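Report on the structure
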Amino acid sequence: MASGAPHLLLDAAQRTDGVRDKPEPNVRQTALSDWYVEYRLLVHIDKPEIKVAVLSELHQHIQDVFAEADLQIMSPHFIDQPEQALVPAPWAAPEKPKATEGPK
């Protein structure tokens, strides 16, 4: 596939805990619609009971890799390009406050 989107999706899968290396994740182009291409990322997970958590992390990594590549994730309901691109910065967890010492 010529587009960078499949490579970014595979990168997101590699970053996600709980996604199996074998069988390898893969991307299928499922549709070539009027204004956009549809992809499906297929992954296997180790533990079905943590599927929701793995998908949540995978979705965050997808947003991150697209932001790092300076690519906007477009919606099929896209109407008008804003003057400035809406590419969010990759998310970083806030620093945890340092433990304070108790009274002496």
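To be clear, the structure that these remarks concern was listed above.
Reference entry: report on the structure contained in this document. (Residues numbered from 1 in each chain as written. Predicted model: local features only at pLDDT ≥ 70, side-chain atom pairs only at ≥ 80, totals over all residues. Heavy atoms only, no water.)

Describing the packing of helix H1 (residues 5–15) against helix H2 (residues 51–68)
Remark: H1 packs on H2, axes separated minimally by 8 Å, with the N-to-C direction vectors making an angle of 135 degrees. It follows that H1 is oblique to H2 by the angle criterion. Pair H1 / H2 crosses with right-handed handedness. Residues Ala5, Leu8, Leu9, Asp11, Ala12, Ala13 and Arg15 of H1 pack against Glu57, Leu58, His61, Ile62, Asp64, Val65, Phe66 and Glu68 of H2. (Axes fitted to C-alpha atoms, helices over the stretch in contact; angles between N-to-C directions. Helix = DSSP H or I, 4+ residues; strand = E, 2+ residues; numbered from the N terminus. Parallel < 35°, antiparallel > 145°, perpendicular 65-115°, else oblique. Left-handed = near helix turned anticlockwise from the far one by under 90°. Contact = heavy atoms within 4.5 Å.)

Points about the nonpolar core
Core analysis: the biggest nonpolar cluster contains 13 residues, and Leu9, Leu41, Leu58, Ile62 and Phe66 have the highest contact counts within it. Looking at this core, the elements with two or more residues in it are H1 and H2. For Leu41, the residues in contact, after removing those within four places along its chain, are Leu9, Leu10, Ala13, Pro25, Asn26, Val27, Leu58 and Ile62. (Core = buried A, V, L, I, M, F, W, Y, C linked by side-chain atoms within 4.5 Å. Buried < 20%, exposed > 50% of the residue type's maximum accessible area, 1.4 Å probe, protein only.)

Digging into the side chain of Thr16
If you trace the backbone, Thr16 turns up in the loop between H1 and strand E1 (26–32). Note on Thr16: relative accessible area 4%, which makes it buried. Those residues in contact with Thr16 that lie beyond four places of it in its chain are Val54, Glu57, Leu58 and His61.

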